[in-house]
Amino acid sequence: MGDEHDANRKGWPLESCQLHVPPLDELAHVLRQGLALHFAFVQVDVVDCPDLSQSPFHLTAPGLGGDPSLVDLGGVPYLVPTVHRDRIYDLADLPAAMNVKDGTVSMIGAGAGPWQHLETNCEMMTNLSLSLEAGKSSSLVVDNGTRLATVDPSGRRILHVVPPKQTRCSLLNNLLVSRGLPRTPVLRIRCQKRTGPDNFVTCMRNTVRQRYGHQPVGMGGVFMLENGQARLHIMPDFSPCPLQTDADVNNWLHFYNATGPLINLSVFISHDPGLDLRVEHTHCFSTHGEGGHYHEDVSPETVVYEGYFTPAERLFRIDRPSQTHGVGRD
Ligand SMILES: [Zn+2]
């Protein structure tokens with residue numbers, strides 16, 4: 001499956017493949033029907049993307065348009081059972097790896113943060129725009145809205161902003177990468193009052209999978225969780241003992257309930273074409289100091305979701321672990 005590429009200049013092994021891109025009207029119809037099985041109120045429309053750099057979204061780019069791609073970087077096997085501290089990635093190298101040589105590249109998504117920066121393992125809410133001048137890797141302008149979430153041994157949680165030049169991550173990252181162009185057509189997805197057991201993103205992913213089967217449809221975007229609470233986790237510092245099972249991972253993670261509005265950066269893919277993908281990953285931040293990895297809302301009666309999503313045209317799988325397993329994928 002897919003085209004094999006040579007390792008890029010930083011030596012990350014890279015594979016890529018085309019994704020199936022249904023027409024937006026068709027996707028809107030599919031999601032409208034599917035989400036209605038899980039929420040009491042559902043509205044899905046094709047709209048020109050609003051300015052996502054403004055409140056309440058606070059992305060660095062105004063939109064999701066222009067060559068949208070999913071990037072699955074690293075993976076859980078670099079975290080579990082034991083951490084691979086050599087897995088450090090500089091996202092400033094990502095455009096070159098994807099053969100983008102100029103213009104702006106924007107990325108949003110969910111990953112593991114640069115533990116060297118905060119001297120502890122951390123959740124990463126990637127929100128970054130890089131402007132490249134053709135042929136001059138030295139003239140890189142960074143607009144960095146990334147947040148990191150930490151929890152210390154006493155249970156104290158902190159949501160950090162990062163300096164503009166801090167463009168590194170570690171271990172794993174699941175990203176929507178685009179040119180960040182404004183006002184391109186996207187899906188606006190509004191759901192209220194959850195009636196089923198699955199989280200908002202799983203509902204979308206399963207709906208798309210049921211319609212498109214083994215044709216992989218990848219999507220990414222941003223959604224607000226309003227009028228409710230969500231169960232999140234934050235990774236504490238790396239476990240001194242190996243995490244062998246999902247139960248070990250869940251005992252190690254710090255879970256808590258955060259209060260909306262929460263700004264969620266989300267990617268999912270309906271079918272893994274054999275690349276050992278994380279099929280769904282969502283991290284959130286807020287303007288009130290809460291953030292982390294989204295599991296589900298805990299207020300189905302009152303919750304309101306409003307998101308803007310685009311299908312991705314291409315998938316890039318970078319530094320896929322050679323030894324893999326299914327632990328810790330939730
Ligand atoms: Zn996560």
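Quick caveat, the model's predicted, so the values are computed rather than measured.

The rules we used
- Residues numbered from 1 in each chain as written.
- Predicted model: local features only at pLDDT ≥ 70, side-chain atom pairs only at ≥ 80, totals over all residues.
- Heavy atoms only, no water.
- Core = buried A, V, L, I, M, F, W, Y, C linked by side-chain atoms within 4.5 Å.
- Buried < 20%, exposed > 50% of the residue type's maximum accessible area, 1.4 Å probe, protein only.
- Contact = heavy atoms within 4.5 Å.
- Helix = DSSP H or I, 4+ residues; strand = E, 2+ residues; numbered from the N terminus.
- Polar contact = N/O pair within 3.5 Å; in protein donor to acceptor, adjacent residues only side chain to side chain.
- Pairing = 2+ DSSP bridges.
- Donors = N, O, S within 2.8 Å, 3.2 Å for Na, K, Ca; no water.
- Expected span 1.5 Å × (residues − 1).
- Arc of directions from axis to C-beta.
- Axes fitted to C-alpha atoms, helices over the stretch in contact; angles between N-to-C directions.
- Left-handed = near helix turned anticlockwise from the far one by under 90°.
- Phe/Tyr/Trp six-rings, centres within 6.5 Å; stacked < 30°, edge-to-face > 60°.
- Lys NZ or Arg CZ within 6 Å of the ring centre and 35° of its normal.

Q: Account for the nonpolar core, naming residues and giving values.
A: The nonpolar side chains of a soluble globular protein tend to be buried with one another. Leu35, Ile189, Phe200, Met204, Tyr294 and Tyr305 are the most contacted members of the largest nonpolar core, which has 60 residues in total. Apart from residues lying up to four places away in sequence, Met204 is in contact with Leu31, Leu35, Ile189, Phe268 and Phe309.

Q: Run through the side chain of Thr60, naming residues and quoting values.
A: Following the sequence through the fold, Thr60 ends up in the loop between strand E3 (39-48) and strand E4 (69-74). Accessibility expressed as a relative area gives 15% for Thr60, which makes it buried. A distance of 2.8 Å separates a polar atom in the side chain of Thr60 from a polar atom in the side chain of Ser129.

Q: Could you give an account of the pairing of strand E10 (residues 157-161), naming the residues involved and the relevant values?
A: Relative to E10, strand E9 (residues 147-151) is paired through five bridges, and the arrangement is antiparallel. If you follow Val151 over to E10, its bridge partner there is Arg157. Hairpin connection of E9 to E10: five residues between the antiparallel strands, including Gly155 at a positive phi of 90 degrees.

Q: I'd like a description of the coordination of the zinc ion, backed by residues and values.
A: Reference geometry at the metal: tetrahedral coordination by four donors gives ideal angles of 109.5 degrees; octahedral coordination by six donors gives 90 or 180 degrees. Around the zinc ion, the donor atoms from the protein are His281 (NE2), His283 (NE2) and His293 (ND1), and they sit 2.0 to 2.1 Å away. Within one chain, the residues serving as donors to the zinc ion are arranged as H-x1-H-x9-H. On the basis of relative accessibility, which here comes to 3%, the residue His281 falls in the buried class. Among the residues examined, His283 registers a relative accessible area of 1% and is labelled buried.

Q: I'd like to hear about helix H1 (residues 24-35), residue by residue, with values.
A: Look at H1: 16 Å from first C-alpha to last across twelve residues, which is about the 16 Å you get at 1.5 Å a residue. Of all the positions in H1, only Leu24, Leu27, Ala28, Val30, Leu31, Gly34 and Leu35 are classed as buried. Axial view of H1: buried residues confined to an arc of 165 degrees, hence all on one face. The outward face of H1, more than 90 degrees from its buried face, is lined by the exposed residues Asp25 and Gln33.

Q: Tell me about the packing of H1 against helix H4 (residues 200-212), residues and numbers included.
A: Two elements in contact, H1 and H4, have axes whose closest approach is 9 Å; the angle formed by their N-to-C orientations is 115 degrees. Note on packing geometry: the crossing formed by H1 with H4 is right-handed. Touching Glu26, Leu27, Val30, Leu31, Gly34 and Leu35 of H1 are Cys203, Met204, Thr207, Val208, Arg211 and Tyr212, all from H4.

Q: Account for the packing of aromatic side chains, naming residues and giving values.
A: Scanning the entire structure with this criterion turns up eleven aromatic pairs. With centroids separated by 5.0 Å and ring planes inclined at 75 degrees, the aromatic side chains of Phe200 and Phe223 adopt a geometry described as edge-to-face. Here Phe200, found in helix H4, pairs with Phe223, found in strand E13 (residues 218-226); they are 23 residues apart in sequence, far enough to count as distant. In this structure, Phe200 and Phe223 share a single accessibility class: buried. Among the aromatic residues, ring-to-ring pairing joins Phe39, Phe200, Phe223, Phe268, Tyr294, Tyr305 and Phe309 into one connected group. Looking at Arg85, its charged tip hangs above the ring of Trp115, at a distance of 4.9 Å from the centre. A cation sits over an aromatic face here: Arg314 above Phe316, 6.0 Å from the ring centre.

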